[in-house]
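Chain by chain, the residues run as shown.
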Amino acid sequence: MKEKINRLRNKDLISIQDLTVKEIELILDTAKAFKEISDRAIKKVPVLRGKTIVNLYYEPSTRTRISFELAAKRLSADLVNVTAKTSSAVKGESLKDTIKTLEAMQASMVIIRHSEPGVPTLISQWVDFSIINAGDGSHAHPTQALIDMFTVREKRPVFKDLKIVIVGDILHSRVARSNIQGFTKLGAKVVLCGPPTLIPKYVEQLGVLVTYDLEEAIESADVVMLLRVQFERQKANYFPSIREYSKYFGLDIDRLNNHRDILIMHPGPVNRDVEVKSEVAESSSSLINEQVTNGIAIRMAVLYLLAQRSKKV
Ligand code: CP
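A. Focus on empty space enclosed by the protein. Scanning the model with the defined rule gives two cavities of 30 Å³ or more in all. Its boundaries defined by the atoms lining it, the largest cavity holds a volume of some 60 Å³. Surrounding the largest cavity, R63, S67, Q144, I147, P267, Q291, V292, G295 and R299 form its lining. Counting residues per element, the lining of the largest cavity draws most heavily on helix 11 (residues 288-309), which supplies four residues. The residue inventory of the lining of the largest cavity, partitioned by class, reads three nonpolar, four polar and two charged.

Right, dumping it as structure tokens:
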């Protein structure tokens with residue numbers, strides 16, 4: 001029988017790279033148990049009562065911010081939302097002073113999203129409480145990858161030899177990096193597809209295959225994950241036009257018709273009719289809304305497990 005663990009080793013969740021296979025499985029199994037709470041009339045358990053969690057955003061977010069908030073509230077923690085635009089960061093306060101201010105207010109955990117890669121790692125060295133990376137630049141988005149692994153596992157429980165295709169703006173995508181790490185650790189085969197300009201050089205060293213042909217990529221795929229074209233991070237013209245991108249790399253119903261068993265995923269937000277046609281995003285093959293629903297259970301699991309681990313709680 002496979003030996004299970006019941007604790008995470010690290011005080012922080014910064015990257016999927018830092019998790020062992022057993023830790024990933026622990027988080028997914030814990031999320032499975034927590035998912036049921038969201039179906040109850042009273043969606044609350046008292047496991048984090050008395051804890052103060054700060055949800056600190058230096059970049060916009062809908063799904064991550066709200067699902068962390070709902071997750072914390074369903075575990076009975078007190079959660080405070082802070083956006084940089086309405087904080088003293090606007091008046092020139094340093095990141096370190098902001099974090100030390102939260103420490104002085106006895107925060108139990110800080111969830112942070114920032115445009116600069118490495119910020120969660122940096123601040124984790126300044127404090128004893130847990131830091132959760134809610135997305136740092138193009139580096140990592142570990143809870144999104146955990147959601148995606150959880151969502152696939154609900155439909156296809158055995159990962160060995162599953163073909164997961166990730167399509168689009170791999171170069172700027174923290175979701176792609178985290179999913180590559182997660183799915184390959186769990187034994188799936190990962191194939192990347194997109195315009196050559198949006199696929200990082202030497203990415204094969206991460207244990208993935210690369211193709212620039214969407215038809216070839218989706219042949220015998222189990223899952224196709226479309227990525228948002230990150231116009232806000234692109235510092236050059238990576239393809240001639242949106243129309244051309246959509247023609248070669250957008251998923252429409254005609255392309256899907258021969259592959260009806262493929263599961264369609266997208267971390268959101270979606271540029272409708274750029275990376276995926278509405279008819280596909282809303283089809284019975286689409287798991288996009290299930291990914292959002294599962295976001296709450298995964299984030300409940302992460303908050304709960306880090307609270308067990310943290311020195312402060
Ligand atoms: N997937 C994701 O991180 O979405 P948000 O930017 O809305 O949080």
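Once you've had a look at it, read on.
B. Looking closely at the domain arrangement of the chain. Taken as a whole, the chain is organised into domain 1 (16-141 + 293-309) and domain 2 (142-291). Taking only C-alpha atoms into account, the centre of domain 1 sits 25 Å from that of domain 2. Contact residues are listed per partner, giving 33 residues for domain 1 and 29 residues for domain 2. In this assembly, domain 1 packs against domain 2 so that about 2600 Å² is buried in total across both faces, 57% of it on carbon and sulfur atoms. Ranking the residues of domain 1 by area buried against domain 2 places I16, L28 and H141 at the top, with a combined share of 27%. Across the contact surface, domain 1 and domain 2 share three salt bridges. K35 is paired through a salt bridge with E154; the nearest N and O atoms lie 2.9 Å apart. Viewed at the interface, domain 2 and domain 1 are joined by 22 residue pairs in polar contact (both at pLDDT 80 or more). Elements represented by at least two residues in the side of domain 1 that touches domain 2 include exactly helix 1 (21-35), helix 2 (63-74), strand 3 (109-114), strand 4 (130-136) and helix 11. Split by residue class, the side of domain 1 that touches domain 2 holds twelve nonpolar, 13 polar and eight charged.

C. Layout of the site of the ligand. Around the ligand, a shell composed of S61, T62, R63, T64, R113, H141, Q144, P267 and G268 is seen. A distance of 2.8 Å separates an oxygen atom of the ligand from a polar atom in the side chain of H141. At 3.1 Å from a nitrogen atom of the ligand is found a main-chain nitrogen or oxygen belonging to G268. Expressed as a share of its isolated accessible area of 250 Å², the protein-covered part of the ligand is 92%. Of all the cavities here, the one that holds the ligand is the largest pocket. Taken together, the residues of the shell around the ligand break down into one nonpolar, six polar and two charged. Shared between two domains, the shell around the ligand holds at least three residues of each, these being domain 1 (16-141 + 293-309) and domain 2 (142-291).

D. Structural context of the sheet that holds strand 9 (residues 263-265). Reading across from one edge, 7-6-5-8-9 is the order of the five strands in this open sheet, with parallel pairing throughout. The strands lining the two open edges of the sheet, one partner per strand, are strand 7 (209-211) and strand 9. When the angles between neighbouring strand axes are averaged without regard to direction, this sheet yields 20°. By the bridge criterion, three bridges tie strand 8 (residues 223-226) to strand 9 in an arrangement that is parallel. Opposite M225, over in strand 9, you have M265 as the bridge partner.

About the criteria used
- Residues numbered from 1 in each chain as written.
- Predicted model: local features only at pLDDT ≥ 70, side-chain atom pairs only at ≥ 80, totals over all residues.
- Heavy atoms only, no water.
- 1 Å grid on protein atoms, 1.4 Å probe; cavity = no way out; pocket = protein on both sides within 12 Å on 5 of 7 lines; lining within 4 Å.
- Points joined across faces, edges and corners; volume = space filled by probe spheres on them.
- Helix = DSSP H or I, 4+ residues; strand = E, 2+ residues; numbered from the N terminus.
- Nonpolar A, V, L, I, M, F, W, Y, C, P; charged D, E, K, R; others polar.
- Domains from an automatic or database assignment.
- Contact = heavy atoms within 4.5 Å.
- Buried area = accessible area lost by both parts, 1.4 Å probe.
- Salt bridge = Lys/Arg side-chain N within 4 Å of Asp/Glu carboxyl O.
- Polar contact = N/O pair within 3.5 Å; in protein donor to acceptor, adjacent residues only side chain to side chain.
- Near = heavy atom within 4 Å.
- Areas by Shrake-Rupley, 256 points an atom, 1.4 Å probe, with all protein chains shown as cover.
- Sits in = over half its atoms within 2 Å of the grid points.
- Pairing = 2+ DSSP bridges.
- Axes fitted to C-alpha atoms, helices over the stretch in contact; angles between N-to-C directions.

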